[in-house]
There are 2 protein chains.
Amino acid sequence: MSVTAPKGFRAAGVAAGLKPSGRPDVALVVNDGPSDAAAGVFTRNRIQAAPVLWTRQALADGRLRAVVLNSGGANACTGPAGFADTHATAEHVAAGLGLGAGDVAVCSTGLIGVRLPMDTLLAGVTRAVADLAGTGGDDAAEAIRTTDTVAKTAVRSSTTTPGVTVGAMGKGAAMLAPSLATMLVVVTTDAVADAATLDRAVRQASRVTFERVDSDGCLSTNDTVLLLASGASGVTLPEAELTGLVAEVCDDLAQQMLGDAEGSTKTIAITVTGAASESDALEVGRSVARNNLLKCALYGKDPNWGRVLAAVGTTQAAFEPDQLDVSMNGVQVCRAGAPGEDRDLVDLSDRRIDILVDLHAGAEELTVWTNDLTDGYVYENSAYST
Amino acid sequence: MSVTAPKGFRAAGVAAGLKPSGRPDVALVVNDGPSDAAAGVFTRNRIQAAPVLWTRQALADGRLRAVVLNSGGANACTGPAGFADTHATAEHVAAGLGLGAGDVAVCSTGLIGVRLPMDTLLAGVTRAVADLAGTGGDDAAEAIRTTDTVAKTAVRSSTTTPGVTVGAMGKGAAMLAPSLATMLVVVTTDAVADAATLDRAVRQASRVTFERVDSDGCLSTNDTVLLLASGASGVTLPEAELTGLVAEVCDDLAQQMLGDAEGSTKTIAITVTGAASESDALEVGRSVARNNLLKCALYGKDPNWGRVLAAVGTTQAAFEPDQLDVSMNGVQVCRAGAPGEDRDLVDLSDRRIDILVDLHAGAEELTVWTNDLTDGYVYENSAYST
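Each value, and the rule that gives it
- Residues numbered from 1 in each chain as written.
- Chains lettered and ligands numbered in written order.
- Predicted model: local features only at pLDDT ≥ 70, side-chain atom pairs only at ≥ 80, totals over all residues.
- Heavy atoms only, no water.
- UniProt positions renumbered as here; feature names shortened; annotations may be inferred.
- Contact = heavy atoms within 4.5 Å.
- Buried area = accessible area lost by both parts, 1.4 Å probe.
- Salt bridge = Lys/Arg side-chain N within 4 Å of Asp/Glu carboxyl O.
- Polar contact = N/O pair within 3.5 Å; in protein donor to acceptor, adjacent residues only side chain to side chain.
- Helix = DSSP H or I, 4+ residues; strand = E, 2+ residues; numbered from the N terminus.
- Least-squares fit on C-alpha atoms with pLDDT ≥ 70 in both.
- Pairing = 2+ DSSP bridges.
- Axes fitted to C-alpha atoms, helices over the stretch in contact; angles between N-to-C directions.
- Domains from an automatic or database assignment.
- Nonpolar A, V, L, I, M, F, W, Y, C, P; charged D, E, K, R; others polar.
- Parallel < 35°, antiparallel > 145°, perpendicular 65-115°, else oblique.
- Left-handed = near helix turned anticlockwise from the far one by under 90°.

- Under an unreviewed UniProt entry, the name given to chain A is Arginine biosynthesis bifunctional protein ArgJ, and the source organism is Frankia torreyi.
- One UniProt comment on chain A, placed under Subcellular location (unreviewed entry), says "Cytoplasm".
- Turning to chain A, the UniProt annotation filed under Function (unreviewed entry) states: "Catalyzes two activities which are involved in the cyclic version of arginine biosynthesis: the synthesis of N-acetylglutamate from glutamate and acetyl-CoA as the acetyl donor, and of ornithine by transacetylation between N(2)-acetylornithine and glutamate."

Considering the interface of chain A and chain B
1) Next: Across the boundary between the two partners, chain A contributes 51 residues, which contact 51 residues of chain B.
2) Next: The contact between chain A and chain B buries some 4,100 Å² in all, and 62% of this surface belongs to carbon and sulfur atoms.
3) Next: In this assembly, chain A and chain B are joined by zero salt bridges.
4) Next: Along the contact surface separating chain A from chain B lie 13 residue pairs in polar contact (both at pLDDT 80 or more).

Observations concerning the UniProt feature "binding site: substrate" (unreviewed entry) in chain A
Residues and elements named next belong to chain A.
1) Next: Residues given the UniProt feature "binding site: substrate" (unreviewed entry) here are Thr 146, Lys 171, Thr 182, Glu 262, Asn 381 and Thr 386.
2) Next: Structurally, the position occupied by Glu 262 is in the loop between α6 (239-259) and β10 (267-275).
3) Next: For Glu 262, the side chain forms a polar contact with the side chain of Thr 147, separated by 2.7 Å.

Overview of the relation of the copies chain A and chain B
1) Next: Structural alignment of chain A on chain B gives an RMSD of 0.0 Å, achieved by rotating through 180° and translating 0.0 Å along the axis. Interpreted geometrically, this transformation is the action of a two-fold axis. Distance from the rotation axis, computed per C-alpha, reaches its smallest value in chain A at A:Asp375: 2.3 Å.

Concerning the sheet that holds strand β6 (residues 152-157) of chain B
Residue and element names in this part refer to chain B.
1) Next: The five strands are arranged β3-β9-β8-β7-β6 in an open sheet whose pairing can be described as mixed. Looking along the sheet, the strands with just one partner apiece sit at the ends: β3 (37-42) and β6. Here the average twist between neighbouring strands, direction ignored, is 10°.
2) Next: Two elements, strand β7 (residues 165-171) and strand β8 (residues 184-189), share six bridges in a ladder whose sense is antiparallel. Looking at the pairing, Gly 167 lines up with Thr 188 of β8.
3) Next: Contacts between helix α6 (residues 239-259) and the sheet are confined to β6, β7, β8 and β9 (224-229), with β6 contributing the most and set at about 155° to the helix.

What to know about the domain arrangement of chain A
All names here are of chain A.
1) Next: Under the domain assignment, chain A is made up of domain 1 (2-259) and domain 2 (267-382).
2) Next: If you average the C-alpha positions of domain 1 and of domain 2, the two centres end up 32 Å apart.
3) Next: Contacts between the two partners involve 14 residues from domain 1, matched on the other side by 16 residues from domain 2.
4) Next: Around 1,300 Å² of area is buried between domain 1 and domain 2 when both sides are counted, 40% of it from carbon and sulfur atoms.
5) Next: By the criterion of area lost to domain 2, the three top residues of domain 1 are Arg 212, Asp 214 and Leu 258, representing 46% of everything that side buries.
6) Next: Our count for the contact surface shared by domain 1 and domain 2 stands at three salt bridges.
7) Next: With a shortest N-O distance of 2.4 Å, Arg 207 and Glu 278 are connected by a salt bridge.
8) Next: At the boundary of domain 1 with domain 2, the tally comes to 14 residue pairs in polar contact (both at pLDDT 80 or more).
9) Next: A total of three residues in the side of domain 1 that touches domain 2 trace back to one element, the largest contributor, which is α6.
10) Next: Of the residues contributing to the side of domain 1 that touches domain 2, the split by class is three nonpolar, six polar and five charged.

Topic: the packing of helix α2 (residues 79-97) of chain B against helix α3 (residues 118-131) of chain B
Residue and element names in this part refer to chain B.
1) Next: Close contact between α2 and α3 brings their axes to 10 Å; oriented N to C, the two are set at 25°. The orientation of α2 with respect to α3, classified from their angle, is roughly parallel. Crossing of α2 against α3: the hand is right-handed. For the pair α2 and α3, the contacting residues are Asp 85, Ala 88, Thr 89, His 92, Val 93, Gly 96 and Leu 97 in the first and Met 118, Leu 121, Leu 122, Val 125, Thr 126 and Val 129 in the second.
2) Next: Taken together, the residues of the contact of α2 with α3 sort by class into eight nonpolar, four polar and one charged.

So, the packing of helix α7 (residues 278-289) of chain A against helix α9 (residues 305-312) of chain A
Helix packing geometry: the angle between the two helix axes and the distance between the axes.
Residues and elements named next belong to chain A.
1) Next: At a minimum axis separation of 8 Å, α7 and α9 run at an interaxial angle of 130°. Comparing their axes, α9 and α7 come out oblique. Regarding α7 and α9, the two cross each other, and that crossing is right-handed. Across the interface between the two elements, Val 284, Ser 287 and Val 288 of α7 pack against Val 308, Ala 311 and Val 312 of α9.

The following block contains the structure:
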């Protein structure tokens, strides 16, 4: 049910013709209220796509009534004309729904640097408005796919208050990013919550999920995570519970993205423990997650722990080189910066790989997630636009 | 002639048996003087291999009489025992040549985290000492290859003072690094120069050559560049000329490394112009050079300039997004942050690709070099240790 699992939401997904394949490419999510509180987080890339610039403005008042999303074109690096296209898209949705354009968020994904075919897009938006339904969440999730091989949705219900629900859809199998992993995510809830609460919830949830996924180190120009509350349940959850539910659906989507990352054969959990600070642990985890040589080795089922240490050594985190321990799938292959147990004991045949790096410099611990680097990744990304 | 092109040097390269292939794997370079002035630069990785730790100490007095190098094992992440192995290697060279161990630099390259078979190595060193010859430079260059498909050497002679020469050998087709690209380089000269002059020369030469090559973003634990002066010509060159000659051989080696980078099909020059500072230009160039998505696109001959902008946007350099220009092989595909000339005009069929990024924020300009990301790279690095 995706984003329409919570009460108060309708959605649709249609094939407008933006994708040469003819697959669905325009999604619409509408919040019928009674509340229209919303919040979001966006890419930290300084090159921000037109829909990101637009949606940041639209969210400034903490309110959103609708989100229109398209695949088949990112509308990034398209200049003032591209921004005007986004504005026109929002106006078209607003006209169809009887809203103001400032109530409409816009998200786009696809190739950078190409204008969208606006006639095609707007015709699709018209059809999406007509198709809106309280059961349309799955269609919407389908329409935001690019190279994703499957649609990605997640739903959680409150355990303390039956009938209060959080739903989500996401896309992202490429450009999973160092500081905000997801291309596009829309999270909905029928809980009652004000914009400030939603803002804290979406930031915290992203911080511990999407921001700890780094599939290929490349930060997108379009990354957007939106959280919309309809308040249709009439229930205000404790903030910690709401935040927890949002984090759960975000974590679920993040794991789906890792499982579907372009060309990947491995999902790799890099747990950094014994760190002096959370930022140290994150820096070390990301450095390991971005090391192409390690990612190739893991693709080849090679427990090349030396490449882990080489990646740790490029960071500014607190540690002493002769105190580092590294385990792979439970085998401590590196002890005190030197060879430990026999590397041949490590079995890397499963998709899931666990790497544990102990810095022996403090008490902080976290996990950063990545994928292996494969010829399939190279193929998908060398042929993507052609 | 490599490192023995300048007067006052002998060298050798032998097959000790460290490599399963049976190819040459131990090299020795000896400076017969009269001077023994030397300088070096090393990896900035905090995880430094035993030979790097040793050679930094040996160079502390600005003097070196010999450099012993082995392929077939990096002796990195090997703990105190690995350091003792490096020490023993230096002692063995010193005993064979009648020197102190502190006069002997040691360099190693190969797999990380594995001890060297010392009996095999020391027997090879003994044979290398016996084989030393004034014509041995090419043999030495051959013996430091790992996945390099060809040996890499360069020689330049002074144009102002005939008979004064700089020679060099290098290896490095993998782990070309963000802050010091080369695995191992030895540069020799028969000019008269003190250690302080050599130190300035090798730092400046590295800064504008190896430190601007970033083949795969992975910083090695073993990177070493050494510069030895025999003074055998009796001539003291102007410092600027000496530095220029050293930079020329370093640039020559860097280009050979780029041309031989693992699995690469493209050598990519990323020129950043209009930067507010050299550090801004370098940050932008490296960010573009490390973008896996762009590197895949260029492998696929796809002029995906949006990925260039996405990489620029992750930096802290001074620029305005709506003022960025990007050209690819002379076609200005991005103007003022938006589409410029038709991307289909860009011909990416040659090995060499030139990308020009104009930040319009100042007057600084420099070029960072990288390679494409290919299935060949993935193959070589997923199978390297197996």
